[in-house]
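Here is how the chains run, residue by residue.
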Amino acid sequence: MIPKVSLDNIDLSFPDASRPDGRKVIYEDFSLQIEKGSFTVLLGPSGCGKSTLLNIINGLLKPNTARGIVIDGTDLRSEPDLSRQMAYVFQGPRLLRWKTLAENAEFGLRGLGVQPREKWRDLIDKYFRAVGLGDAQHLYPHQVSGGMRQRASIVRAWVNEPQILLMDEPFSHLDEITAAEMRRILTNLWTSEEERRTIVFVTHDISEAAQLATDIIMLTPAPSKICLRRKVDLPWPRRMDSDEVIAVEKELRHAFAERAGIGF
Ligand SMILES: Nc1ncnc2c1ncn2[C@@H]1O[C@H](COP(=O)(O)OP(=O)(O)OP(=O)(O)O)[C@@H](O)[C@H]1O
């Protein structure tokens, strides 16, 4: 395995006045390696620390102690610029409503400053076309559907051509039909590139994990431990109702009940 991200011996707790010791421990001596080019899904119950982990990976949140937070062999703490190789897609699209979809993507390009300006127009066109929004770039967020807004937010992240995409429950607020379409669009985009980007995708939806992941990491309630790591070696495109995906889903439900103490 070629690790793209390596978290070594992370300790993290937050102040919590409701506890006798005044702290809630989220991670204790926690280590994780994420493979280069993988679609890694972090799956776990609410509050176990999934979003926290994304924030540690992109340097927004500093653990109390860590032996390493290593991206491509270099520790993020000594080279904070490494976070510019990453882009974030949030649960809601978070588009600027006074800018068109294309201007929102341009805003992302300007913000990160990793792409030369002369490439911006082509990148914006390329990725809006890739997600089926080639003709909608000039529209404002309020003029398009929720799914289209979330597609635009994926474009805003993708135009920077980041090596690592951090996605925090990006489809959880969408209706099931739109979410299914979004998963198809995302995996088409991801598999269409010769050198696949590394995606770290947070969800608590087991079916979604089974359909999307090449690597599933299941976490227990905090203090969080990895209770299952499962490679998923199925071809693309995957259907949510295919026998293979359903088999993975069943296995995950079983593991969740057995190892994280969470039943369905
Ligand atoms: N800045 C903070 N200060 C105090 N506590 C925090 C902070 N950030 C997160 N927490 C706590 O840490 C725990 C993990 O939060 P996190 O958002 O990472 O969970 P999660 O697994 O992503 O949950 P969900 O699936 O509900 O989004 C929660 O108990 C949360 O309340």
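Residues numbered from 1 in each chain as written. Predicted model: local features only at pLDDT ≥ 70, side-chain atom pairs only at ≥ 80, totals over all residues.

- As recorded in an unreviewed UniProt entry, the protein chain goes by the name Phthalate transport system ATP-binding protein, listed as coming from Salipiger thiooxidans.

Here's the deal with the sheet that holds strand S10 (residues 226–231)
Now for step 1: Taking strand neighbours across the sheet as the criterion, the six strands line up as S6-S7-S8-S3-S9-S10 in an open arrangement whose pairing is mixed. Both outer strands of the open sheet, strand S6 (86–89) and S10, are each paired with one neighbouring strand and no more. Each adjacent strand pair in this sheet contributes to an overall mean axis angle of 15 degrees, direction not counted.
Now for step 2: Inspection of the sheet shows strand S3 (residues 39–43) paired to strand S8 (residues 198–203) by five bridges, in the parallel sense. Paired with Thr40 across the strands is Val200, a residue of S8.
Now for step 3: Helix H1 (residues 50–57) contacts S3, strand S7 (164–168), S8 and strand S9 (215–219) of the sheet and is inclined by roughly 155 degrees relative to S8.
Now for step 4: Docked against the sheet, helix H4 (residues 146–158) engages S6 and S7, running at close to 170 degrees with respect to S6. (Pairing = 2+ DSSP bridges. Helix = DSSP H or I, 4+ residues; strand = E, 2+ residues; numbered from the N terminus. Axes fitted to C-alpha atoms, helices over the stretch in contact; angles between N-to-C directions. Contact = placed C-beta atoms within 7 Å.)

A word on the nonpolar core
Now for step 1: Of all hydrophobic cores here, the largest spans 66 residues; its most connected members are Val41, Val155, Leu166, Val200, Ala209 and Ile216.
Now for step 2: Dropping the residues within four chain positions of it, Ile216 is found in contact with Val41, Leu43, Ala209, Arg230, Val232 and Leu252. (Core = buried A, V, L, I, M, F, W, Y, C linked by C-beta atoms within 7 Å. Buried ≥ 20, exposed ≤ 12 C-beta atoms within 10 Å, placed from the backbone.)

Details of the packing of H4 against helix H5 (residues 176–192)
For any two helices packed against each other, one specifies the crossing angle of their axes together with the interaxial distance.
Now for step 1: Two elements in contact, H4 and H5, have axes separated by 10 Å at closest approach and are oriented at 25 degrees. Between H4 and H5, the crossing angle belongs to the class labelled roughly parallel. Remark: the crossing between H4 and H5 carries right-handed chirality. Touching Gly146, Gly147, Gln150, Arg151, Ile154 and Trp158 of H4 are Thr178, Glu181, Met182, Ile185, Leu186 and Leu189, all from H5. (Parallel < 35°, antiparallel > 145°, perpendicular 65-115°, else oblique. Left-handed = near helix turned anticlockwise from the far one by under 90°.)

As for the site of the ligand
Now for step 1: With respect to spatial proximity, 13 residues lie near the ligand, and among them Phe14, Ser46, Lys50, Ser51 and Thr52 are the closest.
Now for step 2: For the shell around the ligand, the secondary structure elements donating two or more residues are strand S2 (23–35) and H1.
Now for step 3: Take the shell around the ligand: its biggest share by element is three residues, from H1.
Now for step 4: Of the residues that constitute the shell around the ligand, the class distribution is four nonpolar, seven polar and two charged. (Near = placed C-beta within 6 Å. Nonpolar A, V, L, I, M, F, W, Y, C, P; charged D, E, K, R; others polar.)

Topic: the UniProt feature "domain: ABC transporter" (unreviewed entry) in the protein chain
Now for step 1: Sequence positions flagged by UniProt for "domain: ABC transporter" (unreviewed entry) are, in local numbering, residues 12–246.
Now for step 2: Secondary structure within residues 12–246 divides into 31% helix and 23% strand; the distance between the first and last C-alpha atoms comes to 35 Å. (UniProt positions renumbered as here; feature names shortened; annotations may be inferred.)

Points about the sheet that holds strand S5 (residues 74–75)
Now for step 1: One open sheet accounts for four strands, arranged S2-S1-S4-S5; its pairing is antiparallel. Two strands in the sheet have a free side with no partner beyond their single neighbour: S2 and S5.
Now for step 2: Two elements, strand S1 (residues 3–15) and strand S4 (residues 68–71), share four bridges in a ladder whose sense is antiparallel. Within S4, the position partnered with Asp8 by the bridge is Gly68.
Now for step 3: Here H1 sits on the sheet in contact with S1, S2 and S4, set at roughly 120 degrees to S1.

Quick notes on the environment of Glu176
Now for step 1: Within the secondary structure layout, Glu176 lies in helix H5.
Now for step 2: Along the chain, Glu176 and Ala130 lie 46 residues apart, while their C-alpha atoms are 22 Å from each other.

Describing the pairing of S6
Now for step 1: Neither face of S6 is open: one carries Met86 and Tyr88, the other Ala87 and Val89, and all of them are buried.
Now for step 2: Bridge count for S6 against S7 is four bridges, and the pairing is parallel. For Val89, the partnering residue across the bridge sits in S7 and is Met167.

Re the packing of helix H2 (residues 101–112) against helix H3 (residues 120–130)
Now for step 1: Contact geometry for H2 and H3: axes closest at 10 Å, N-to-C directions at 125 degrees. Compared by their axis directions, H2 and H3 come out oblique. Here the hand of the crossing between H2 and H3 comes out right-handed. In contact with Ala102, Ala105, Glu106 and Leu109 of H2, H3 contributes Trp120, Ile124 and Phe128.
Now for step 2: Each residue belonging to the contact of H2 with H3 can be placed in one class, and the counts come to six nonpolar, no polar and one charged.

Brief notes about unusual backbone geometry
Now for step 1: Cis geometry marks the peptide bond from Ala222 to Pro223; its omega dihedral reads -5 degrees.
Now for step 2: Within the secondary structure layout, Pro223 lies in the loop between S9 and S10.
Now for step 3: The peptide bond linking Trp236 to Pro237 adopts the cis configuration, its omega dihedral lying at -10 degrees.
Now for step 4: Along the chain, the position of Pro237 falls in the loop between S10 and helix H7 (243–259).
Now for step 5: Residues other than glycine seldom take positive phi values, yet Glu161 does so here, at roughly 50 degrees.
Now for step 6: Among the secondary structure elements, Glu161 is positioned in the loop between H4 and S7.

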